[in-house]
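# Chains, contacts and geometry: an overview
The chain contents come next:
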Amino acid sequence: MKSTDHINYISIYDKIEVEDALFSRIEAIKKTLTIVTELDKWNFAYAEGKWTIKEVVQHCIDCERIFSFRAQHIAREDNQNLNFFDQNEYAVKSNANAREVKDLIEEWDHLMRSTHYQFLSYNDETLARIGKIGDYEYSVEQLGLVIAGHAIHHMNIINERYI
């Protein structure tokens, strides 16, 4: 069983190899962030109480780090329990709006490339390993697709509601 959000993220890359999904998203994300920069919308939130684009990007960075750790945890057959995190608490404490745009873009670019290499290091047996996060089970491969799909999900929201 997986969370509904995670099933939706995985479905974005249905029938695509995880390594390809993690690599192909990089250019799509850079394209969206270039438009945000051109329109100077980094500090824009589309409604009261919604995150700014800086906060959305920081959220994606935070989630990618957490999801990639979870994948590594399962890949190495670590049996310790993993739990979910409160994304809103992370956003409040992220200090994203004080960050330089250039730094956010570069950090995420390097992180996405690093995650891609992380998944290139896994063989088929490793990708198939299953572990538990909270009450849900995921394979290493599914977590890679969650990483890629989560990022694209947020870029779609930026394209639809912010720009």
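Above this text you will find the structure in question.
Right, let's walk through the structure included here. (Residues numbered from 1 in each chain as written. Predicted model: local features only at pLDDT ≥ 70, side-chain atom pairs only at ≥ 80, totals over all residues. Heavy atoms only, no water.)

Following the sequence through the fold, His-6 ends up in helix α1 (residues 4–12). Among the polar contacts made by the side chain of His-6, one reaches the side chain of Tyr-138 at a distance of 2.5 Å. The contacts of His-6, once residues within four sequence positions are left out, are Phe-67, Phe-84, Tyr-138 and Val-146. (Helix = DSSP H or I, 4+ residues; strand = E, 2+ residues; numbered from the N terminus. Polar contact = N/O pair within 3.5 Å; in protein donor to acceptor, adjacent residues only side chain to side chain. Contact = heavy atoms within 4.5 Å.)

Under the definition given, this model contains three cavities of 30 Å³ or more. If you list the elements that add at least two residues to the lining of the largest cavity, you get α3 (53–75) and α4 (87–92). Broken down by element, the lining of the largest cavity gets its largest block of residues, four residues, from α3. In terms of residue class, the lining of the largest cavity is built from three nonpolar, four polar and two charged. Taken together, Arg-25, Cys-60, Cys-63, Glu-64, Phe-67, Trp-108, Ile-147, His-150 and Ala-151 form the lining of the second largest cavity. Of the residues forming the lining of the second largest cavity, the biggest block, four residues, is contributed by α3. Split by residue class, the lining of the second largest cavity holds six nonpolar, one polar and two charged. (1 Å grid on protein atoms, 1.4 Å probe; cavity = no way out; pocket = protein on both sides within 12 Å on 5 of 7 lines; lining within 4 Å. Points joined across faces, edges and corners; volume = space filled by probe spheres on them. Nonpolar A, V, L, I, M, F, W, Y, C, P; charged D, E, K, R; others polar.)

Limitation: the analysis is restricted to geometry and does not speak to function.
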